[in-house]
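Secondary and tertiary structure notes
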Amino acid sequence: MLTMKKHLITLLTLFTFAALTTVSCKKDDSTDPGEPGSDYFVSYKADGKSISVEGEILAYAKTTGEQLGIYGVQAGSTSLLITIKKNLAVGNHLIKAPDAYANFTDENKKDFSTAIGNGAGVLIIDEYDASHIKGSFQFNGYNSTDNTLKAAITEGKFNVKID
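My aim in this report is to walk through the structure given alongside it, one point at a time. (Residues numbered from 1 in each chain as written. Predicted model: local features only at pLDDT ≥ 70, side-chain atom pairs only at ≥ 80, totals over all residues. Heavy atoms only, no water.)

**What to know about the overall build of the protein chain**
In terms of helices and strands, the protein chain carries one helix and 11 strands. Helices and strands appear in the protein chain in the N-to-C order α-β-β-β-β-β-β-β-β-β-β-β. Buried residues in the protein chain amount to 42% of all 163 residues. Counting only contacts in the protein chain whose residues sit at least 6 apart along the sequence, the fraction spanning at least 24 positions is 54%. Surface summary for the protein chain: the accessible area is close to 8500 Å², and the carbon and sulfur share equals 54%. (Helix = DSSP H or I, 4+ residues; strand = E, 2+ residues; numbered from the N terminus. Buried < 20%, exposed > 50% of the residue type's maximum accessible area, 1.4 Å probe, protein only. Contact = heavy atoms within 4.5 Å. Areas by Shrake-Rupley, 256 points an atom, 1.4 Å probe, with all protein chains shown as cover.)

**Some thoughts on the pairing of strand S11 (residues 150–162)**
Sheet analysis places strand S1 (residues 41–46) next to S11, joined by five bridges and oriented antiparallel. Among the inter-strand pairings, lysine 45 is bridged to a residue of S11, identified as threonine 154. As judged from the 10 bridges shared by strand S10 (residues 132–143) and S11, these two strands associate in the antiparallel manner. If you follow tyrosine 142 over to S11, its bridge partner there is lysine 150. (Pairing = 2+ DSSP bridges.)

**Overview of the pattern of salt bridges**
Taken as a whole and judged by the stated rule, the model has four salt bridges. Lysine 49 is the salt-bridge partner of glutamate 107, the closest N and O atoms lying 3.9 Å from each other. Of this pair, glutamate 107 sits in the loop between strand S7 (101–105) and strand S8 (111–113) while lysine 49 sits in strand S2 (residues 49–54), and the two are 58 residues apart along the sequence. Since its relative accessible area comes to 47%, lysine 49 is described here as partly exposed. Note that glutamate 56 and lysine 161 form a salt bridge whose closest N and O atoms lie 3.3 Å from each other. Linking glutamate 56 in the loop between S2 and strand S3 (59–64) with lysine 161 in strand S11, this pair joins segments that are 105 residues apart in sequence. Here glutamate 56 falls in the buried class, since its relative accessible area comes to 13%. (Salt bridge = Lys/Arg side-chain N within 4 Å of Asp/Glu carboxyl O.)

**Some details on the environment of valine 73**
Checked against the element boundaries, valine 73 lands in strand S4 (residues 67–73). With 31 residues separating them along the chain, valine 73 and phenylalanine 104 place their C-alpha atoms 9.9 Å apart.

Okay, structure coming up:
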């Protein structure tokens, strides 16, 4: 179990580093991230607090091997990652390790994951093609260092470009 936690923490660190590197280096030819009406976004409530990320630099999806990661990143603040099998069908899917998992990092840098304890959730895919994925989600994630700490992620929605 400790090896899985160490692997998960290492994986989360690598994803965060990659996301921050992408945010700092990628040129955005689209609408400014903060402009109302941005086509690409990830929004949700974390323990009742509304969080919204707009623009294709901060809200995006990326394929790695047979997996697709859906990202909502606020540099220096919160981040969200949902990892699923690539090419899932439109419809409802369980977010539960090992087939799919979700991670949330709060503003205090505490990580919460469905891969810890009894974490689980639901992902609803409304649209999915080669260029974008759109849907909704909710999940409960547990902290990797103290699995009695839980984050409830509710009212999640996303529409992201696939890089």
